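Below, each chain spelled out in residue letters.
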Amino acid sequence: MTANILQLCPLMPALEKALSERFTVHRFFEAADPDAFLGEHAERLRGVVTGGHIGIPTELAARLPALEIVAINGVGFDKVDLLEAKRRGVRVSNTPDVLTEDVADLAIGLIISALRQIPRGDAHVRAGRWPSGDLALGSKVSRRRYGIFGFGRIGQAIARRLEGFDAELAYASRSPVETTVRNAGSLHELAAWSDVLVIAASASAETRNIVDAQVFNALGPKGVLVNVARGSLVDEPALLDALETGRIAGAALDVFADEPRVPERLLALPNVVLTPHMASATHETRQAMADLVLANLDAHFAGREMPSALV
Ligand code: 8YV
């Protein structure tokens, strides 16, 4: 008999197909009545497949008595209570490494988009305003100061790419890192030094709203914020104030505090570039993530060690 697993969000079709060939898959996100759904299926659900941006709500996990494994299709595990999983003996896996390049690539894309105003240039051409019109000048990307907050796999991959722009680099990190890149000390010191502050740290209770009004004041009126990590690291109301009052020059954001809801005030600003949490969204990387999700599930249900176990 195949194991019953719960799917918490849409996944790429190839992964959904492979899952349905191995397991009895229950699509929770399509349930009209989640309570009735759980009443009917909860007892036999042994696995959960979910996105990094969704994880598993603690109340839902508590209602799954047969739960053995939570397989995250993403590197971030901030929305899964790992301590509780450990206490219950529930295994948790994620998909590290395979998405590092793509997230770093998107960070570079956001940096160039924000500084060189690519979206505004595109809108300018589409609106037929070229050659006349009012396209303001952008700012240089090369030889600027880039501060990277969070210097793990993704932060370091961003730094390697920025070296190609003859950038000056510094980082701040909550854990020690072995690197030749300069450690700026605190996030505040990093922001004060940077032209562009790139957020690449993992989300946790300690980093919640850590990028706050003081950090924006330190970044200053010519500074730009780029976030490819999680919206929860940034105090979004403080960011809106800083952008609206010109206390920072702009922002490029792939992640938001309450996704997929993006504040109207942010949508109204011309000095921001916004993307819909798409840093790992390439065919190649989503396939590699899918392969790792399947490898973790297969290993778990075969009683083998999972390739990327968190717990
Ligand atoms: C994905 C992510 O958007 O890896 C993560 O933590 O947030 C992203 O790669 C998401 O997990 C896809 O399901």
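Source: prediction; values computed, not measured.

A. View of the site of the ligand. Taken together, 13 residues sit near the ligand, with Gly52, Val75, Arg230, His277 and Ser280 positioned nearest. Measuring from an oxygen atom of the ligand, one finds a backbone N or O atom of Gly76 at 2.7 Å. Within the side chain of Arg286, a nitrogen or oxygen atom sits 3.5 Å from an oxygen atom of the ligand. Calculation on the ligand without its partners gives an accessible area of 330 Å², and the protein chains cover 91% of this total. Residue composition of the shell around the ligand, by class: 3 nonpolar, 8 polar and 2 charged.

B. Structural view of the sheet that holds strand 8 (residues 182–183). The parallel open sheet is built from 7 strands, whose spatial order is 8-7-6-9-10-11-12. Only two strands of the sheet have a single partner each, and these edge strands are strand 8 and strand 12 (272–274). Inspection of the sheet shows strand 11 (residues 250–253) paired to strand 12 by 3 bridges, in the parallel sense. Note on strand 12: the bridge partner recorded for Leu253 is Leu274. In the packing of helix 10 (residues 236–244) onto the sheet, contacts are made with strand 10 (224–227), strand 11 and strand 12, and the angle to strand 11 comes to roughly 140°.

C. Up close: the domain arrangement of the protein chain. Here the protein chain is described as being made up of domain 1 (4–96 + 284–301) and domain 2 (100–274). Computed over C-alpha atoms, the centres of domain 1 and domain 2 are 32 Å apart. Taken together, the contacts link 7 residues of domain 1 with 5 residues of domain 2. A buried area of about 490 Å², summed over both sides, lies between domain 1 and domain 2, and 47% of it is on carbon and sulfur atoms. When the buried area of domain 1 at its contact with domain 2 is split by residue, Asp78, Pro96 and Thr285 rank highest and sum to 66% of it.

D. Quick look at the sheet that holds strand 3 (residues 45–51). Read across the open sheet, the 5 strands follow the order 2-1-3-4-5; overall the sheet is parallel. Pairing within the sheet leaves two strands with one partner each, and these edge strands are strand 2 (24–27) and strand 5 (91–93). Strand-to-strand twist across the sheet, computed as the mean angle between neighbouring axes with direction ignored, equals 20°. Strand direction decides the pairing type here: strand 1 (residues 4–7) and strand 3, joined by 4 bridges, are parallel. Its bridge partner being in strand 3, Asn4 is matched across the sheet by Leu45. Strands strand 1, strand 2, strand 3 and strand 4 (69–73) of the sheet are contacted by helix 1 (residues 13–22), whose axis makes an angle of about 130° with strand 2. Packing against the sheet, helix 12 (residues 283–301) makes contact with strand 1, strand 3, strand 4 and strand 5, and its axis sits at approximately 170° to strand 4.

Conventions adopted
Residues numbered from 1 in each chain as written. Predicted model: local features only at pLDDT ≥ 70, side-chain atom pairs only at ≥ 80, totals over all residues. Heavy atoms only, no water. Near = heavy atom within 4 Å. Polar contact = N/O pair within 3.5 Å; in protein donor to acceptor, adjacent residues only side chain to side chain. Areas by Shrake-Rupley, 256 points an atom, 1.4 Å probe, with all protein chains shown as cover. Nonpolar A, V, L, I, M, F, W, Y, C, P; charged D, E, K, R; others polar. Pairing = 2+ DSSP bridges. Helix = DSSP H or I, 4+ residues; strand = E, 2+ residues; numbered from the N terminus. Contact = heavy atoms within 4.5 Å. Axes fitted to C-alpha atoms, helices over the stretch in contact; angles between N-to-C directions. Domains from an automatic or database assignment. Buried area = accessible area lost by both parts, 1.4 Å probe.

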